[in-house]
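# Observations on the model geometry
Here are the chains, one letter per residue:
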Amino acid sequence: MAVLAPHEPPRTWTLEEVLVTEPGVIRRAIGAAAIGNVTEWYDFGVYAYFEPTIRQVFFSGLSETVGTIATFGLFAVAFLIRPLGGLFFGPLADRIGRNRVLATTMVLMALGTFAIGCIPSEARIGIWAPVLLLVARLVQGFSTGGEYGNAMTFISEYAPDRRRGFLGSWLEFGTFTGYLLGAIAVTVADAALTQEQLLSWGWRLPFFVALPLGVVGVYMRTRLADTPAFVALERRAEQREKAQRRLHPHETRTLLALWPFLLVCMGLVLVWNVTNYMLTSYMPTYVTETLPKMQGATTDTTTTSQVVQIAVMVVALILIPLIGRLSDRVGRKPIAWVGSIGLVVLGLPMILLVRTETTVGVFVGLMIMGLLLICFSATMPSTLPSLFPTEVRGGGLSISFNVSVSAFAGTTSLVVGALVAVSGDLNWPAYYLIIAGAIGISSLWFLQEPNGRRMWGSPPAAADREEAERIIRAQQTSA
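Residues numbered from 1 in each chain as written. Predicted model: local features only at pLDDT ≥ 70, side-chain atom pairs only at ≥ 80, totals over all residues. Heavy atoms only, no water.

### Let's talk about the layout of surface pockets
The condition is simple: The distinction between a cavity and a pocket rests on a 1 Å grid over the protein atoms alone: a 1.4 Å probe fits inside a cavity but cannot get out, while a pocket stays open yet meets protein on both sides within 12 Å along at least five of seven lines, and a residue with an atom within 4 Å of a point counts as lining. Grid points are joined across faces, edges and corners, and a volume is the space filled by probe spheres set on the points. All amino acids are sorted into three groups, where Ala, Val, Leu, Ile, Met, Phe, Trp, Tyr, Cys and Pro are nonpolar, Asp, Glu, Lys and Arg are charged, and the leftover types, Gly among them, are polar.
Space inside the second largest pocket adds up to approximately 390 Å³. Lining the second largest pocket are 19 residues, with Pro6, Glu8, Gln448, Arg453 and Arg454 sitting closest to its centre. The residue inventory of the lining of the second largest pocket, partitioned by class, reads eight nonpolar, four polar and seven charged.

This is the structure:
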């Protein structure tokens, strides 16, 4: 099997060069990085579950089908600007530090989400309502472009080599926590408020919660020093000319030379995030709106379906750190293989189960999708940063991650929703997942197993001095 391996000359490390990060610092680093995902995915959960309400508030003059596509279009349009955010914030983080950039993106995300709750309805200001919603979504998209790639880098550079899978999985624990908070907020609002109250003011309340979440996130992030790997890089590069405030030619050449790694990264991001957005963004509308309408259901099962989806996310939330810990023992690739092959084999059966519209069928179908998703969610945060050397890790990861999400994954709801509406074929979610799984298999074929390896361009990382001494002894023995 042909695999992509880092291009580094062999060298011998000294005990003083081994990066040692105390457990307390690691915990604070994980919390500071994960809080951004909580805020980001809280908004996604609120938006996905409130899709019917948002459609009525901002697109009341359109038909239900066109309004749904327009609502998903505004969800997807934020992803078009994510590559620009990655192109801006990723290389910037390589020059001024991960922590400063993450504090900035945290502020922008919180303000963008809060602003959505402040926008008047289309009935009050006409076309300006969806225009302002578009602006708020673009702010969110730009900030998110610099958020997730740098958050993955942030945790990976803090984590000891032997525990990177487990510690990196907590980033996705934050993702699922944020989504669950959003889904629960909407479910409670649906149950507690009348339709008139929701359309008038109730839908705004969950968006307002993003502001205090953002304040907490900025506070946590500004208390941390920058990552050990980045500090070590700066020490070694003291005599090098200071980087410019834009992507300079040397870095461009370096990234272009890494094009095979960029492609593998994009393929892994695609399979991971298509599954992610299918479950978290499209399935809420598919289960509560599309299926009842196209299959002629006569009873309203919205609340039941929402509770089922929340139950699936709770199970996934619990399992993510456990799968992350398992990946430190068996490797990242075997678990990711299960996810990719599972999508190809089980893509159609899981959607057919959801289409039964029974509580058990929907739960089992979505649970299969959720279990396949966490095969990626628990392993990719520690896998993707290993594809790039330290000096361009933030830029390479942010750019490839956001281009893939923007072009393929973030538009999942829009594309699949349109395909179902145009063709009338309710199995399109399955076809989309099968294609994504095939791309995941192709990408994993070329991936070198990163488990237990030091980060490319960084010294070995240990949890304490005793582990650092073991690393040096093992190096001397192998020599």
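### Concerning the packing of helix H14 (residues 259–295) against helix H19 (residues 393–409)
To keep things clear, this is the line we draw: Axis geometry follows a simple rule: fit a line to the C-alpha atoms, using only the stretch in contact for helices, then measure angles between N-to-C directions, giving values from 0 to 180 degrees. Under the DSSP-based scheme used, a helix requires at least four consecutive residues in state H or I and a strand at least two consecutive residues in state E, with every element numbered from the N terminus. Any angle that falls under 35 degrees is termed roughly parallel, while one over 145 is termed roughly antiparallel, one within 65 to 115 roughly perpendicular, and all others oblique. Handedness of a crossing is defined here by the sense of rotation of the near helix relative to the far one, left-handed for an anticlockwise turn of less than a right angle and right-handed for a clockwise turn. Residue contacts are counted whenever heavy atoms from the two residues lie within 4.5 Å of one another.
At their nearest, the axes of H14 and H19 sit 8 Å apart, and the two run at 45 degrees to each other. Overall, the two elements H14 and H19 adopt an arrangement that is oblique. Of the two possible hands of crossing, H14 and H19 adopt the one that is right-handed. Judged by residue contacts, Leu262, Cys265, Met266, Val269, Leu270, Trp272, Asn273, Val274 and Tyr277 of H14 engage Gly396, Leu397, Ser400, Phe401, Val403, Ser404, Val405, Phe408 and Ala409 from H19. Each residue belonging to the contact of H14 with H19 can be placed in one class, and the counts come to 14 nonpolar, four polar and no charged.

### Regarding the packing of H14 against helix H17 (residues 359–377)
Where H14 meets H17, the axes come as close as 8 Å, and the angle between the chain directions of the two elements is 155 degrees. Taken together, H14 and H17 sit at an angle that is classed as roughly antiparallel. Here H14 and H17 pass one another in a crossing that is left-handed. Two secondary-structure elements touch here, H14 through Val271, Trp272, Thr275, Asn276, Met278, Leu279, Met283 and Val287 and H17 through Val362, Leu366, Met369, Gly370, Leu373, Phe376 and Ser377. Considered class by class, the residues forming the contact of H14 with H17 number 11 nonpolar, four polar and no charged.

### Thoughts on the packing of aromatic side chains
This is how it is decided: In this analysis, rings of Phe, Tyr and Trp, with Trp reduced to its six-membered ring, are considered paired at centre separations within 6.5 Å, and the interplanar angle assigns stacked below 30 degrees, edge-to-face beyond 60, and tilted for intermediate values. Under the scheme applied here, a residue whose accessible area is under 20% of the maximum for its type counts as buried, over 50% as exposed, and between as partly exposed, the area being computed with a 1.4 Å probe on protein chains only. Any Lys NZ or Arg CZ that is within 6 Å of a ring centre and within 35 degrees of that ring's normal is treated as a charge sitting over the ring.
Scanning all chains against the criterion turns up 10 aromatic pairs. With a centroid separation of 5.9 Å and an interplanar angle of 35 degrees, the aromatic rings of Phe88 and Phe142 are classed as tilted. With Phe88 in helix H4 (residues 82–96) and Phe142 in helix H7 (residues 128–158), this residue pair connects regions lying 54 residues apart in the sequence. You can call Phe142 partly exposed: its relative accessible area is 24%. Judged by centre distance (5.1 Å) and plane angle (55 degrees), the rings of Phe261 and Trp456 are tilted. Of the two residues, Phe261 sits in helix H14 while Trp456 sits in the loop between helix H21 (428–445) and strand S2 (461–462), which places them 195 residues apart along the sequence. The exposure class assigned to Phe261 is buried, which follows from its relative accessible area of 3%. Among the aromatic residues, those joined into a cluster by ring pairs are Phe58, Trp203 and Phe207. Its end group placed over the ring of Phe166, Arg325 keeps NZ or CZ at 4.2 Å from the ring centre.

### Brief notes about a nonpolar patch on the surface
Using the following cut-off: Nonpolar side chains (Val, Leu, Ile, Met, Phe, Trp, Tyr) are joined into patches within 5 Å and like charges within 9 Å, using only residues with over 30% relative accessible area and no salt bridge. Only the protein chains shown count as cover for residues, and all accessible areas are computed by the Shrake-Rupley method using a 1.4 Å probe. Here, a salt bridge means any side-chain nitrogen of Lys or Arg that lies within 4 Å of a carboxyl oxygen of Asp or Glu.
On the surface, Ile125, Ile127, Trp128, Val131, Leu132, Val135 and Val139 cluster together to form a nonpolar patch covering roughly 590 Å² of accessible area. The element best represented in the nonpolar patch is H7, accounting for five residues. Of note, Ile127 is situated in the loop between helix H6 (122–125) and H7.

### Things to note about the pattern of salt bridges
With the rule as written, the count across this model stands at five salt bridges. Note that Glu469 and Arg465 form a salt bridge whose closest N and O atoms lie 3.7 Å from each other. Of this pair, Glu469 and Arg465 both sit in helix H22 (residues 465–478), four residues apart, which is roughly one turn of that helix. Exposure remark for Glu469: the relative accessible area of 31% places this residue in the partly exposed category. The salt bridge partner of Glu466 is Arg470, with a shortest N-O separation of 3.5 Å. Separated by four residues within a single helix, Glu466 and Arg470 lie in helix H22, roughly one turn from each other. For Arg470, a relative accessible area of 38% translates into the label partly exposed.

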